[in-house]
Amino acid sequence: MGRALEVEIVAKEAIKPSYPTPHYLRNFKRSLMDQINYPMYTTGIFIYKVNDDDDLSVKAGRISRRLKSSLSETLTKFYPFAGKVKDDFSIECNDDGVEFIEGRANGFLSQYLQEPDHNLLSEFHPFGKEGPVAGKDSPLLIVQATFFKCGGVAIATCASHVLIDGMSLATFINCWAATARVDDHHQPTKLPASMLPQYVTASLFPASEAVSSYPLRFSPSERVEFNRFVFDASKIAQLKAEAASEIVPRPSTVEAITALIWKCTRTASRSNHGGSPRPSLLLQGANFRTELVPPLPDNSVGNCVGYAVAQTGEKETKLQDLVCELRRAKEEFSRNGLQTLLENKCLLTIQDQSIRDKFESGEIDFFSFTSVVRFPFYQAADFGWGKPIHVTFLNFVSPNFFMLMATNDGTGVEALVSLSPEDMVLFQRNQELLAFTTLNPPVDVNEAKNVSLGLRSSL
């Protein structure tokens, strides 16, 4: 794609809340779910075209000031994000602030949009290609704004899973962007209650001294290759029709796409293991907010996620059967997932002893899926210069991690795939997969529309 984009960091500073956090709020209690989530950063990157005639330095200065001043005001409401982890049970809300980094790219936004190479995105967030693991003294939130020669801007939000899950990040982005849109008035922004954070998870799920260690295989040292696959609306409809069965006559979009990717990754893995059949275990990220009675509101901030566990035996499995297994796992999670998590104080429990033994010995294919298809990142992230033309995430530090998210027009789905290099070679050539998806097409900047998707994640 020509000369690689490079980013020069021109400024760093800590953005503190615009008003000091009161002393009675300075000791923020963590929940059990905060304790058992892996302490890694999830990086969302929001890319914008900014259409005006200002000089780049003038434009960058104006945008940077607006981002920083609105961030400062937003942190008075999201005050734990400006603190640091004190111990397993609490966050010290000391107003240390959020790290804000400003960079300048040596190229044009079109270089990325024509060929959205995830390797380029390492320049747009502070971790580069290192594993983004959050240490005890690490900031809970890091922001990097990178300005292109054409005036476009990429805003990266690096959120620590110590406290911030996907829904929490969506709530924060929604509040921050709304604050930025009225920031010119220099008055405290009055926002609806639905945009403001509620901190209730620690009272519902108190922290424990008896938590189990994080059980997932996580090795930042493994070689990982990333790719992006786009499913348009017509192909999704065809796929859902093919994935339907008597047991699941109407599979969801996420079920159908997850089943297809699961099937094709198993095929690649089997080929790279000498053709030997291998069982598989698939985790589907699930939002506990919707499972409680009454449900928690979407603006409940703090980790509130678990995993529905689906599995297969060694034999090759049909697409329809994989959809049925995903539906079974989802229903089992709805019945018993929260109770199992609270009893075992562990994010993942594998009930089958033989599967657990193979998991621990690495004799099983292991996949982890997250869907943010119905998270309103495109709609919420308007800071005053329009909605993003592209949103993507970089939270993959090991092979076999997958994220599904909406395309910028709200009608399709992007699958962000991380695999070992050996598996990726076979996966991206799989004809069954390519019958329904396109490998890393250019971002169509004319397709971004005002589509309302709601906040709910779908399995």
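In what follows, the structure referred to is the one given above.
Bear in mind that the values here come from a model prediction, so they are computed numbers and not experimental data.

(A) Representation of the packing of aromatic side chains. All told, the structure shown has 19 aromatic pairs when counted by the stated rule. With centroids separated by 6.5 Å and ring planes inclined at 85 degrees, the aromatic side chains of F28 and Y79 adopt a geometry described as edge-to-face. Of the two residues, F28 is situated in strand β2 (residues 27–29) and Y79 in the loop between α2 (56–75) and β4 (84–87); the sequence distance between them amounts to 51 residues. You'll find F28 and Y79 in the same group, each marked buried. Each ring, one from F229 and one from F427, has its centre 5.3 Å from the other, and the planes form 85 degrees; the classification is edge-to-face. Of the two residues, F229 is situated in strand β9 (residues 225–231) and F427 in helix α11 (residues 421–427); the sequence distance between them amounts to 198 residues.

(B) Structural view of the nonpolar core. Judged by nonpolar contacts, the single largest core of 59 residues is most densely connected at F231 and F427. Each residue touching F427, except ones within four places of it in the same chain, is listed here: F229, I261, C264, T265, A268, V417, L419 and L433. A145, A159, I173 and C175 belong to the second-largest nonpolar core, a separate cluster that totals 55 residues.

(C) Structural context of the sheet that holds β2. The strand order across the open sheet built from three strands is β2-β5-β4, with neighbouring strands paired in antiparallel fashion. If you trace the sheet from one side to the other, it starts and ends with β2 and β4, each paired once. Ignoring which end each strand starts from, the neighbouring axes of this sheet average 40 degrees apart. Here three bridges tie β4 to strand β5 (residues 90–92), and the two strands are oriented antiparallel to one another. In the strand pairing of β5, V85 is matched with I91.

(D) How the structure looks around the packing of α2 against helix α4 (residues 166–181). Look at α2 against α4: their axes get within 8 Å of each other, and the N-to-C directions meet at 125 degrees. Relative to α4, the element α2 is oriented oblique. The hand of the α2/α4 crossing is right-handed. Contacts between α2 and α4 involve R66, L67, S70, L71, E73, T74 and L75 from the former and F172, C175, W176, T179 and A180 from the latter. When the residues that make up the contact of α2 with α4 are grouped by side-chain class, the tally is seven nonpolar, three polar and two charged.

About the thresholds
Residues numbered from 1 in each chain as written. Predicted model: local features only at pLDDT ≥ 70, side-chain atom pairs only at ≥ 80, totals over all residues. Heavy atoms only, no water. Phe/Tyr/Trp six-rings, centres within 6.5 Å; stacked < 30°, edge-to-face > 60°. Helix = DSSP H or I, 4+ residues; strand = E, 2+ residues; numbered from the N terminus. Buried < 20%, exposed > 50% of the residue type's maximum accessible area, 1.4 Å probe, protein only. Core = buried A, V, L, I, M, F, W, Y, C linked by side-chain atoms within 4.5 Å. Contact = heavy atoms within 4.5 Å. Pairing = 2+ DSSP bridges. Axes fitted to C-alpha atoms, helices over the stretch in contact; angles between N-to-C directions. Parallel < 35°, antiparallel > 145°, perpendicular 65-115°, else oblique. Left-handed = near helix turned anticlockwise from the far one by under 90°. Nonpolar A, V, L, I, M, F, W, Y, C, P; charged D, E, K, R; others polar.

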